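This is what each chain is made of:
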Amino acid sequence: MISLNRVSRKVVQSVINNNGCSNTVRSIGSISLLNKNSNNNISNKITNKPQIRINNNSNRFINNSTRVTSTFSLPESGKTISRLNINKNEQLDVAVYRYYSKSHERIRNVAIIAHVDHGKTSLVDQLLRQSGAIKATEKDERVMDSNALEKERGITIMAKCTSFEYKNHKLNIVDTPGHGDFGGEVERVLSMVDGVVLLVDATEGPMAQTKFVLSKALGQGLKPIVVINKLDRSTARVDEVENEIFDLFATLGASDEQMSYPTLYASGRQGWAIRSRDDEQKDILPLLDTIVDYVECPDVNPEEPFSMLVTNLESDPFVGRIVTGKIYTGKAKVGQPLRVVDMKGNVIEDGGKITKIFCRRAMERIILDEGEAGDIVGIAGFTQATVTNSLIAEGIKEPIKAIPIDPPVLSMHFEANNSPFAGKEGTHCTTLKIKSRLLKEIESNVSLQVITTGETFEVKGRGELQLGILLENMRREGFEVAVSQPKVVFTKDEHGNILEPQEEVTIDVDTEYSGAIIEKLSKRNGDITDMKQSMGKSRLVFLVPSRGLIGLRSEIINDTKGTGVMNHLFHSYVPHKGPMDNKEKGALISMSEGVATAFSLSALEDRGVLFIGPQTQVYSGMIIGENSKLQDLDVNPVKAKQLTNIRTTVKEEGVRLSPPKLLKLEEAIACVKEDELIEITPKSIRLRKRELDATKRQKINRDKKQM
């Protein structure tokens, strides 16, 4: 395109067509401005313009030497306007844009929500590539999974926001976790979006986390867009899944407006989405068009003083803490003074000023001059602000209400490592370091709670996986820590009766293993509520006390030869169901300190399953294996073969050992007992007795039996 000033500065009258598509006031002005003496007033940009007559036969323009004054009336906000462009060949091109009277009306804030492994991050990849936000030749998959643990495990742990431009709209897309343990991430980001895309696997259908995230979205009054994903699979059962989704909406009490959701069919990996199954499987753009047309613009007021709800925290080595959230009122400008208040209105920080304003464009952080109402931005300059706090200007008296977070159901006790090997592998080994790290974690992770008791810290969370991720991050940062057996968080009703959390557990297994799974869950006080069979697979749904889930996942994987898949979701608090028929095996405990020998371990293999191999450093009280019987057994793994100078005619046989079972962190959390601790260091994961001295352990056991 060339400047219109080069076309002899004759009159060009913009053509208005209310049935077309879109533009903003700025775009209209930049194209229509011809006269050098015109100022920046909108009326001068679109009146007193020379005229162009259109020859419908040749589609060429004819300049008229007579100046004609024309008037231009803007349509209502949200309606459409089109204009004429002149290219180098003097051809007329009609460009169509949507016109908005306010800048926030072109913003769309959307969260992608779904069950784990239903394709959220892969879909966001395609949205970024096909919108031009990142290069189509970029080879990295799941670019939103920036954390090292996310890439290793193939799951999303932290909710992350990005944005890109599409058809003169700014789309803020939030990628959320799908695992139930990280549901707090989903709950807090729903406060800054105006619509959700509900992703459902065409084979699995709605799962436990699908029900959870959809219930939270419907409770916030958001209108979902349903996308049935993975249609490229041969096992897709689209009609059944559509009926299951509709039934789920009805069960969760969706309004009539929410029930009228649009449905698209897609393959996130192949990069296409269609409105009808008969449409051409071309690209992902139909989904972007649906987001633009169906999701409402942010309900904000740009004229009031500034206010923003903090929903995420980041850290930058140059500007310090960056708080991210949606601007509800006003505008953010660099140097603007703000106050930080909590949910109750208490002032956390006063007198701070905005030093930097950021936003995410694809995978880059862009510096902005100002942040407008309705946009999701990051603000630096406030060292005390945390998640659920509000940033407000003078004139705002009440903080923004944050979405309440579901309570934690599991707790573990953290303490400094005090084993004989303490301080040999880590760099952060003191109680003070551990306390500082845990307090930093709860600033951004709203679903965690930390209670300090002396030199021990009780950490409460949603499940084993969430606490395991925290411990894995800490060991990679150089921490040495000892943690106890996970325990369920009990509560009491108004009559003083003990209540325990109950979870809805969904297990997908081959039909031949369903009997064994039902028997295992019944021993853990589980009640089966639903059972479906299809194509050799069974889906079993149970209501199980949360304490019955500890260690269950690894047992199901072993019992089903790796084919079983378990998902769970917090259901409710129920009266305590009593003890469980769950017998625990004993432990093989080292009675000596030194280096384990192959000669000694070969004699211990018949006693149970070993956790260590030869040449492993051990200490007294360290657990080196699982006993095949119910009692603990003290053994000597460092005993060496006695060497003599006596000759023998018997050929000496080499020692052959079975590979040891090297415990992973999740497996250690699942099998640790009440009188044991998990010793976690950057290089090792060990099980040990809380009391290392064997004589004192025997005395403690005698006292328990006498009580």
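That block above? That's the structure.
A brief look at the structure comes next. In this convention, every chain numbers its residues from 1, walking through the sequence in written order. Selection of residues for local features in this predicted model requires a pLDDT of at least 70, selection of side-chain atom pairs for listing and counting requires 80 or more, and totals for whole chains, interfaces and linings are taken over all residues. The basis for the side-chain values is all heavy atoms of the structure; hydrogens and waters are excluded.

1. Section: the overall build of the chain
Item 1. Looking only at helices and strands, one finds 16 helices and 39 strands in the chain.
Item 2. Relative accessibility thresholds used throughout: buried, under 20% of the residue-type maximum; exposed, over 50%; partly exposed, between the two (1.4 Å probe, protein chains only). Across the 707 residues that make up the chain, the buried fraction comes to 50%.
Item 3. Sequence-distant contacts in the chain: of pairs separated by 6 or more residues, those separated by 24 or more amount to 70%.
Item 4. Note on areas: Shrake-Rupley, 1.4 Å probe, and residue coverage restricted to the protein chains presented here. For the chain, the exposed area adds up to about 34800 Å²; of that, 47% sits on carbon and sulfur atoms. Only DSSP runs of H or I with at least four residues qualify as helices, and only runs of E with at least two residues qualify as strands; both kinds are numbered from the N terminus onward. Should any heavy atoms of two residues lie within 4.5 Å, those residues are counted as being in contact.

2. Thoughts on the nonpolar core
Soluble globular proteins tend to pack their nonpolar side chains together in the buried interior.
Item 1. With 38 residues, the main nonpolar core has Ile113, Val174, Leu198, Ile228, Ile245 and Phe249 as its most contacted residues.
Item 2. When residues of this core are traced back to their parent elements, those giving at least two are strand E5 (107-114), helix H5 (183-189), strand E8 (195-201), helix H6 (208-219), strand E9 (224-229), helix H7 (238-251) and strand E11 (272-274).
Item 3. Here the element with the most residues in this core is H6; it accounts for six residues. Put simply, buried Ala, Val, Leu, Ile, Met, Phe, Trp, Tyr and Cys residues joined by side-chain atoms within 4.5 Å make one nonpolar core.

3. Some words on the packing of aromatic side chains
Item 1. Two rings belonging to Phe, Tyr or Trp (six-membered ring only in the last case) form a pair when the distance between their centres is within 6.5 Å. Interplanar angles under 30 degrees mark stacking, angles over 60 mark edge-to-face geometry, and anything in between is tilted. All chains considered together, the criterion is met by three aromatic pairs.
Item 2. Taking NZ or CZ as reference, Lys223 lies 4.9 Å from the ring centre of Tyr294, over its face.
Item 3. Counted as over-ring charges are cases with an Arg CZ or a Lys NZ within 6 Å of the ring centre that also lie within 35 degrees of the ring normal. In this structure, Lys326 packs its charged tip against the face of Tyr328, placed 4.9 Å from the ring centre.

4. Quick look at H6
Item 1. With 12 residues, H6 extends 17 Å from end C-alpha to end C-alpha; this agrees with the ideal 16 Å at 1.5 Å per step.
Item 2. Burial in H6 covers these residues: Ala208, Gln209, Thr210, Phe212, Val213, Leu214, Ala217 and Leu218. One less than the number of residues in a helix, times 1.5 Å, gives the span that helix is expected to have.

5. Comments concerning the sheet that holds strand E7 (residues 169-175)
The strands making up a sheet are joined through hydrogen bonds of the backbone, oriented either antiparallel or parallel.
Item 1. Ordered by their spatial adjacency, seven strands build an open sheet running E6-E7-E5-E8-E9-E10-E11, and the pairing between neighbours is mixed. Strand pairing shows two members of the sheet lacking a second neighbour, strand E6 (160-166) and E11, which therefore form its edges. Sheet twist, expressed as the average angle between the axes of neighbouring strands with direction ignored, equals 25 degrees.
Item 2. Any two strands between which DSSP finds at least two bridges are classified as paired. With three bridges connecting them, strand E10 (residues 263-267) and E11 associate as antiparallel partners. Looking across to E11, one finds that Ala266 is bridged to Ala273.
Item 3. Axis lines are fitted through C-alpha atoms, for helices just across the contact stretch, and the angle between N-to-C directions can take any value from 0 to 180 degrees. H7 rests against E8, E9 and E10 of the sheet, and its axis sits at about 155 degrees to E9.

6. Some details on the layout of surface pockets
Item 1. By volume, the second largest pocket amounts to about 1200 Å³.
Item 2. Lining the second largest pocket we find 50 residues, and of these Met158, Asn312, Leu313, Glu314 and Ser315 sit closest to its centre.
Item 3. Looking at the lining of the second largest pocket element by element, the count peaks at five residues for helix H10 (residues 431-444).
Item 4. Each residue receives one of three labels: charged for Asp, Glu, Lys and Arg, nonpolar for Ala, Val, Leu, Ile, Met, Phe, Trp, Tyr, Cys and Pro, and polar for the others, Gly being one of them. Its residues placed into classes, the lining of the second largest pocket shows 20 nonpolar, 15 polar and 15 charged. Think of a 1 Å grid over just the protein atoms. A cavity is a set of points where a 1.4 Å probe fits yet cannot get out, a pocket is an open set with protein on both sides within 12 Å along at least five of seven lines, and lining residues have an atom within 4 Å of a point. Grid points are joined across faces, edges and corners, and a volume is the space filled by probe spheres set on the points.

7. Remarks on the pattern of salt bridges
Item 1. Here a salt bridge means any side-chain nitrogen of Lys or Arg lying within 4 Å of a carboxyl oxygen belonging to Asp or Glu. In this structure the tally under the stated criterion is 41 salt bridges.
Item 2. Among the ionic pairs, Glu187 bridges to Arg462, the shortest N-O distance being 2.5 Å. Separated by 275 residues along the polypeptide, Glu187 in helix H5 and Arg462 in the loop between strand E24 (456-461) and helix H11 (464-476) bring together distant segments of the chain. In this pair, the class of Glu187 matches that of Arg462, namely buried.
Item 3. For Glu477, the salt bridge goes to Arg437, with nearest N and O atoms at 2.7 Å.

8. A short note on the sheet that holds strand E20 (residues 376-380)
Item 1. Spatially, the eight strands line up as an open sheet ordered E16-E15-E21-E12-E13-E20-E17-E18, and their pairing is antiparallel. At either margin of the open sheet sits one strand with a lone partner, and together these are strand E16 (347-353) and strand E18 (364-367). Direction aside, neighbouring strands of the sheet carry axes that sit 35 degrees apart on average.
Item 2. Bridge analysis of strand E17 (residues 356-361) against E20 gives three bridges, and the strand direction is antiparallel.

9. Description of the pairing of E6
Item 1. In terms of burial, E6 is a largely internal element, six of the seven residues being buried.
Item 2. In this structure, E6 lies alongside E7, joined through seven bridges in antiparallel fashion. Bridge pairing in E7 links Ser163 to Asn172.
Item 3. Two successive antiparallel strands, E6 and E7, enclose a turn made up of two residues, where Lys167 displays a positive phi of approximately 50 degrees.

10. Topic: the pairing of E18
Item 1. Two elements, E17 and E18, share four bridges in a ladder whose sense is antiparallel. Across the sheet, the residue bridging to Phe358 is Ile367, located in E18.
Item 2. Hairpin connection from E17 to E18: two residues lie between these consecutive antiparallel strands, with Ala362 at a positive phi of about 60 degrees.

11. Structural notes on helix H9 (residues 285-294)
Residues that lie three or four places apart on an α-helix share one face, since the helix turns once every 3.6 residues.
Item 1. Counting buried positions over the 10 residues of H9 gives eight, a clear majority of the element.
Item 2. For H9, every residue scored as buried is listed here: Pro286, Leu287, Leu288, Asp289, Thr290, Ile291, Val292 and Tyr294.

12. A closer look at the packing of helix H12 (residues 514-523) against helix H13 (residues 552-559)
Item 1. Contact pair H12 / H13: the axes reach a minimum separation of 11 Å and the direction vectors enclose 155 degrees. Compared by their axis directions, H12 and H13 come out roughly antiparallel. When you trace H12 past H13, the crossing you get is right-handed. Contacts from Ile517, Lys520 and Leu521 in H12 reach Leu552, Glu555, Ile556 and Asp559 in H13. For this classification, under 35 degrees means roughly parallel, over 145 means roughly antiparallel, 65 to 115 means roughly perpendicular, and everything else is oblique. In this scheme, a crossing is called left-handed if the near helix is turned counterclockwise away from the far one by less than a right angle; it is called right-handed if the turn is clockwise.

13. Focus on the environment of Gly613
Item 1. For Gly613, the location among the structural elements is in the loop between strand E34 (608-610) and strand E35 (617-618).
Item 2. In this structure Gly613 comes out as buried when scored by relative accessible area, which is 13%.
Item 3. Residues Gly613 and Leu657 lie 44 residues apart in sequence; the distance between their C-alpha atoms is 8.5 Å.
Item 4. Beyond its immediate sequence surroundings of up to four residues, Gly613 is in contact with Ala596, Leu601 and Pro660.

14. Focus on unusual backbone geometry
Item 1. Within the chain, Asn168 stands out as a residue other than glycine whose phi angle is a positive 65 degrees.
Item 2. You can call Asn168 partly exposed: its relative accessible area is 22%.
Item 3. Even without glycine at this site, Asn525 takes up a positive phi of about 65 degrees.
Item 4. Position of Asn525 relative to the elements: it lies in the loop between H12 and strand E29 (527-534).

15. Digging into the side chain of Thr329
Item 1. By the element assignment, Thr329 lies in strand E13 (residues 320-329).
Item 2. Exposure remark for Thr329: the relative accessible area of 10% places this residue in the buried category.
Item 3. A polar atom in the side chain of Thr329 sits 2.5 Å from the backbone oxygen of Pro305.
Item 4. Each polar contact in these results corresponds to two N or O atoms within 3.5 Å; when the atoms are within protein, one needs to be able to donate a hydrogen and the other to accept it, and residues that are neighboring in sequence are counted only if both atoms are side-chain atoms. Side-chain polar atoms of Thr329 contact the side chain of Ser307, separated by 2.6 Å.
Item 5. Discounting residues that sit within four places of it in the chain, Thr329 has contacts with Asn301, Glu304, Pro305, Phe306, Ser307 and Ile396.

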